[in-house]
Amino acid sequence: MTRRRRIYEGKAKVLYEGPEPGTLIAHFKDDATAFNAQKRAVFEGKGVLNNRISEYIFMRLGEIGVPTHFIKRINMREQLIRQVEIIPLEVVVRNVAAGSLSTRLGLEDGVQLPRSIIEFYYKADALNDPLVSEEHITAFGWATPQEIDEVMQLALRINDFLVGLFLGIGIRLVDFKVEFGRLYDEEGQMRIVLADEISPDCCRLWDIASSEKLDKDRFRKDLGGVLEAYQEVARRLGVLTETRPPKGAGPVLVATNPTGKPN
Ligand code: TMP
């Protein structure tokens, strides 16, 4: 195999130069970090699962018209993506109180929020990704007001779609984090597209029947069974190759929300 140029290494992924200009290869690692990398571990096979899960979700989102950086999966751990200029914001959408929101506002974990809430965190490891407002974002030029509007609209569309997708497989989508990038076409026109990944690393996913956590909180809170939880999400989405082929295998319906209320 020819040596590829490494463009960037993050906590969970490495980005390599792609085969064509304007493309990159995203390599999903088995490394897990939490609390700004103060806690670290390796879960053998996590990268493979996240590659598959993220591929599936990005493809489904693409089908409903959400523009993404995803082009195609290349192998077990890698996908071909479009190179974008990442907007330096972690965009968090919350449906249910949990994590830092519960801590910050003194809410009880698991309480349904009055409506979906979007939060922005400035991507800066040295500052521990601080919560910021639209005022900070526009004043410091991280994104324009128009870009913020577009990002918020996309984030809510993604949330609506994912809430339904996960509900259909017996999972409550508590919250998730996404990132967006600017994609320029040949004429220099810019489009905002969904970038990075959507996987149990960056979502809170609770099993509806048992309330069991099926996401990275298992690692953050030392609950054990991290890989098993990710496998369960992949299995329910129908993307585990051991059990069924990845193409054409839709979500496996296992339960509906017993309350009948939207998540
Ligand atoms: P939080 O409650 O810790 O703020 O997390 C909100 C959501 O964002 C949760 O689904 C986990 C995800 N997340 C990341 O993907 N990366 C991060 O660095 C943090 C802090 C949270």
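Residues numbered from 1 in each chain as written. Predicted model: local features only at pLDDT ≥ 70, side-chain atom pairs only at ≥ 80, totals over all residues. Heavy atoms only, no water.

S.K.: Teacher, can you tell me more about the pattern of salt bridges here?
M.R.: In a structure, side chains of opposite charge can pair up when their charged atoms sit close to one another. Applying the stated criterion across every chain yields a total of 28 salt bridges. Of the charged contacts in the structure, one is a salt bridge between lysine 39 and aspartate 222, with a shortest N-O distance of 2.8 Å. Of the two residues, lysine 39 sits in strand S5 (residues 39-42) while aspartate 222 sits in the loop between helix H5 (217-220) and helix H6 (226-237), which places them 183 residues apart along the sequence. Aspartate 175 serves as the salt-bridge partner of arginine 204, at 2.8 Å between the closest nitrogen and oxygen. (Salt bridge = Lys/Arg side-chain N within 4 Å of Asp/Glu carboxyl O. Helix = DSSP H or I, 4+ residues; strand = E, 2+ residues; numbered from the N terminus.)

S.K.: Sorry if this is basic, but what is going on with the site of the ligand here?
M.R.: Not every one of the 13 residues close to the ligand is listed here, only the nearest: Arg94, Ser100, Asp175, Cys202 and Arg204. Between the ligand and aspartate 175, the relevant distance is 2.5 Å, taken from an oxygen atom to a side-chain nitrogen or oxygen of the residue. Counting only elements with at least two residues in the shell around the ligand, the list comes to strand S9 (89-96), helix H2 (99-105), strand S12 (171-184) and strand S14 (203-207). In terms of residue class, the shell around the ligand is made up of five nonpolar, two polar and six charged. (Near = heavy atom within 4 Å. Polar contact = N/O pair within 3.5 Å; in protein donor to acceptor, adjacent residues only side chain to side chain. Nonpolar A, V, L, I, M, F, W, Y, C, P; charged D, E, K, R; others polar.)

S.K.: For this particular structure, what's the right way to read helix H4 (residues 145-167)?
M.R.: Because an α-helix packs 3.6 residues into every turn, residues spaced three or four apart end up facing the same way. In a regular helix each residue adds 1.5 Å, so 23 residues correspond to 33 Å; H4 covers 33 Å between its end C-alpha atoms and thus fits that length. Of all the residues in H4, the buried ones are Glu147, Ile148, Val151, Leu154, Ala155, Ile158, Asn159, Leu162, Val163, Leu165 and Phe166. (Expected span 1.5 Å × (residues − 1). Buried < 20%, exposed > 50% of the residue type's maximum accessible area, 1.4 Å probe, protein only.)

S.K.: How should I be thinking about the environment of valine 91 in this particular structure?
M.R.: You can see valine 91 is positioned in strand S9. Through-space distance from the C-alpha of valine 91 to that of tyrosine 121 is 6.6 Å; in sequence the pair is 30 residues apart. For valine 91, the residues in contact, after removing those within four places along its chain, are Ile118, Glu119, Phe120, Val151, Ala155, Phe176, Lys177, Val178 and Phe180. (Contact = heavy atoms within 4.5 Å.)

S.K.: How should I be thinking about the pairing of strand S2 (residues 13-17) in this particular structure?
M.R.: Within a regular strand, the side chains alternate between the two sheet faces. S2 sits mainly inside the fold: four of its five residues count as buried. The hairpin formed by strand S1 (residues 6-9) and S2 contains three residues between the paired strands. Relative to strand S3 (residues 23-28), S2 runs antiparallel, the two being bridged by five bridges. Residue pairing in the sheet places leucine 15 in a bridge with alanine 26 of S3. If you look at the hairpin formed by S2 and S3, you'll find five residues sitting between the two strands, and glycine 22 has a positive phi there, around 85 degrees. (Pairing = 2+ DSSP bridges.)

S.K.: I would appreciate a short explanation of the confidence of the model for the protein in the present structure.
M.R.: Close inspection of predicted coordinates is inappropriate for parts of the model with low pLDDT. When pLDDT is averaged across the protein, the result is 93; 90% of the residues are at 70 or more. Every residue in residues 243-248 scores below 50 in pLDDT, and together they form nine contacts with partners more than four places removed in sequence or on other chains. In this model, residues 258-263 is a region of pLDDT below 50 whose contacts with residues beyond four sequence positions or in other chains number 11 contacts. (pLDDT = per-residue confidence, 0-100.)

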